[in-house]
Each structure stands twice: as structure tokens, then as C-alpha cells.
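# Close look at the chain arrangement
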Amino acid sequence: MPDITVEALTGPGRAALHAVLLCGKGSASIIDQAFCGRGLSPHGTIIDADGDVIDDAILIEWPGEAERFVLTLHGSPFIRDRVIERLMQLGAAAAPSTARLWPARGQKCCNKVREEALLALPTALSHQACAFLLEQASERGFSGWLARSVEQGVVRQELDELLRLSDVGIGMLVAARVVLAGEPNAGKSTLFNVLTGHQRVITSHQPGTTRDLIEEEMCLLGFPIQLVDGAGLRSAAGEVEREGVRRMEAAMEAADLVVYLVPPGAVEPVAGMKGTPRGRTLVIHSRRDEDPGGEIAGLGISSVTAEGLPQLQERILQEIYGDDRNLTGRVCPFLPGHR
Ligand SMILES: Nc1nc2c(ncn2[C@@H]2O[C@H](COP(=O)(O)OP(=O)(O)OP(=O)(O)O)[C@@H](O)[C@H]2O)c(=O)[nH]1
Ligand SMILES: [Mg+2]
């Protein structure tokens, strides 16, 4: 039996593409049987024993003595597994499982946390989240820390610090729910559109325009946020708007943060008032460009002039995660299970 190994270079799960490595003396003969079109162009098809097509593929052939091939396939795990199965049918053996993840090959610390970080990478919504995961997957990050702590033990203080930071680490990957609330016409939908960067929601001067809950995942300074817009809070006359208000109140209850918009002339919410936000609330003064001289306590914003919007983004993250949010160069858990 020739010493030929096959392995997936890309991680498990669905992806845009998968890459499979076949190497060892005799690989070329396996490729000749499994890949139609070798030598004509890098493009070809992988076929099964009956000649049926498993996938269209691109074949990369390494120059040199050693027989080494990479097949780039479509990203379905079923396609990848069928191709590997076919190559094994033709005489290849599975490579050792520790080599399954390409970046982990040859490295000492190939533990579960490293694999979890690499698996989470395709779902990261910002370059900060990607850099964070790559760091946690490395010797410098949570993965390396865990491997060292198994050998050397940990001190209580270190654990307390990791637990404290874990909220921020998890927040890098799992979106916090931020609900925009306030009376009708406060400017919720206009702010929703500005923050998400497109005209997602209908806005109008007519109070009671929005009734359904509208949600969109977006990125705020590197953190994923599930932003929610909905009905303005008032004692609505119509049945449909009443249902909208009821849904908005439920969304506020479940939110990680309620951003309560107070336009010029409206009153700030006070405890016990109908529609008072429960849970964590950030009260902001909206439509400031309409009343620039008006006295306010706290943050003022305008969705038209963009006044106060950078500060608003900072304040939202500060309310949810606190001031200590920069994770660069720090060991930090990133999944709820790590706690
Ligand atoms: N000048 C000015 N107008 C604004 C601003 N934000 C919203 N508006 C206007 O105020 C009106 C109401 O805005 P919406 O965003 O629809 O208000 P809403 O809170 O979603 O209202 P409902 O859906 O009815 O609850 C619209 O005519 C907007 O164009 C702002 O910052 N400045
Ligand atoms: Mg609206």
C-alpha cells in the first residue's frame, strides 16, 4: 500500500470553499482516476467509481519530486467528505487528526480552545473580532494560557480577571440587543437607518409610522449589535398600533440596553411612568438640530447633522461592556462555555 495521505485543510462546517490535500508517492495515479481533466487546465471534475460527478474542482499541483496535490472544492461538508472518501477508496489514508486544521499543523498547542477560535472565525463580523480570535487561538491568547495553566496551575486573581473580561470577549462574537425606544416621532427609525447605513425602515412625520419590530445585525466599533426599532410608546387608539406598542415593551424588557430618545419638547422618562424603560437605559436627546440652543442634561444627537453620533456609539458600548473594552494583547475567554 503506498504511503498516501488525504486531509481537509479547511475547518469543519459549511464554507465558501473547502481544500483537500493529497500527498505521498502514488498520489498522481489516484488523481488520474478521480479527477477528469488533469493536464488540460486546473479546472476539472471529481468523479466517483461510477463516473458520476461529485464536484467541479480546481487542482493545484506542487512542482518537484514529492507528489502533492490540493483540490479546491465547493464549501459543502458533504462534498468535501465524499471527495475524501473517494480518494481513500483509491488508496489514500486519512492523515492524523491533529493535522486537520491547517494553521495548527506542527504547533504544540493544538487544543480545543484553539479549534473553537478558528471555527468561530468565519462568523466574526469585524476585523477587530477576527484579530481577537486569532490572538486567542495563539500561544499568547486564551488557548496558550490554558495549556500553560494545566501545567503550572492558576491563581484565583487571574481567574477573576478572566471572568470579568469574558463579557467583553463573548460580546465580540455574540450580538448584544439594543432597542431604540421613545414616543412616536422621536426619531427612532431615522436613527436606526443612520446607524445601519441604509434606508431599512420607513420614516415619516406621521406619529405611529412604525408598528412591527425591525431588527438588524450591525457592527458598532468592532462589536456586533442586534439593533431593534419598533412602535413609539403611547396609549395607542388602534388595535394594530396597540399590538406594536406591546411588542416594543416586550423587546425593551429583553434588551441588553434600551436607548430612549427624547425629542425637543418631550419629557424624559421617569420611574413609574407608562412606557418607562426597564433594565439598562441610556436616555439621549434626539433631533438636536431643531433646537440647538435648548438646554439638555446628557447626550444630544441629530440624525440629520450627525451631531453626537460618534459619542452615542461609544456610550452604547460603554453602557453594555464598561470602559475596559480593549482586548488587544490580553488573554480573554470568548464563548459562554469557557466560564
Ligand atoms: N431635523 C431632524 N428631523 C429628524 C431627525 N430624526 C428624525 N427626524 C424627522 O422626524 C420625523 C419622525 O422620524 P421617525 O424616525 O420616523 O420617528 P420614529 O420615532 O420612528 O416615529 P414612529 O415610527 O412614529 O414611532 C421624520 O419626519 C424624520 O425625518 C433629526 O435628527 N433631525
Ligand atoms: Mg419609526
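Above this text you will find the structure in question.
Quick look at the structure, then. (Residues numbered from 1 in each chain as written. Chains lettered and ligands numbered in written order. Predicted model: local features only at pLDDT ≥ 70, side-chain atom pairs only at ≥ 80, totals over all residues. Heavy atoms only, no water.)

### Quick notes on the coordination of the magnesium ion (ligand 2)
Within the first shell, the magnesium ion (ligand 2) binds the protein through Ser189 (OG) and Thr210 (OG1), at distances of 2.0 Å. Of this pair, Ser189 sits in helix α7 (residues 188–196) while Thr210 sits in the loop between α7 and β9 (214–220), and the two are 21 residues apart along the sequence. (Donors = N, O, S within 2.8 Å, 3.2 Å for Na, K, Ca; no water. Helix = DSSP H or I, 4+ residues; strand = E, 2+ residues; numbered from the N terminus.)

### Considering the layout of surface pockets
Counted as a void, the largest pocket has a volume near 380 Å³. Along the walls of the largest pocket sit 26 residues, with Asn185, Ala186, Gly187, Lys188 and Thr190 positioned nearest its centre. Counting residues per element, the lining of the largest pocket draws most heavily on α7, which supplies 3 residues. Residue classes in the lining of the largest pocket are distributed as 6 nonpolar, 16 polar and 4 charged. (1 Å grid on protein atoms, 1.4 Å probe; cavity = no way out; pocket = protein on both sides within 12 Å on 5 of 7 lines; lining within 4 Å. Points joined across faces, edges and corners; volume = space filled by probe spheres on them. Nonpolar A, V, L, I, M, F, W, Y, C, P; charged D, E, K, R; others polar.)

### A look at unusual backbone geometry
Most peptide bonds adopt trans geometry, and most residues besides glycine take a negative phi value. With a phi angle near 75 degrees, Asn185 is a residue other than glycine that sits in the positive phi range. Position of Asn185 among the secondary structure elements: in the loop between β8 (176–182) and α7. Residue classification places Asn185 among the partly exposed positions, given a relative accessible area of 29%. Phi angles above zero are rare outside glycine, and Arg287 is one such case at about 55 degrees. Structurally, the position occupied by Arg287 is in the loop between β12 (281–285) and α9 (309–321). For Arg287, a relative accessible area of 29% gives the class partly exposed. (Buried < 20%, exposed > 50% of the residue type's maximum accessible area, 1.4 Å probe, protein only.)

### Thoughts on the nonpolar core
Of all hydrophobic cores here, the largest spans 47 residues; its most connected members are Leu191, Val259, Ile284, Leu312 and Ile316. It is α9 that provides the largest number of residues to this core, a total of 6 residues. Here Leu312 is in contact with Leu191, Val259, Leu282, Ile284, Leu299 and Ile301, once residues within four sequence places are set aside. Listed in part, the 22 residues of the second largest apolar core include Ala8, Leu22, Ala28 and Ile31. (Core = buried A, V, L, I, M, F, W, Y, C linked by side-chain atoms within 4.5 Å. Contact = heavy atoms within 4.5 Å.)

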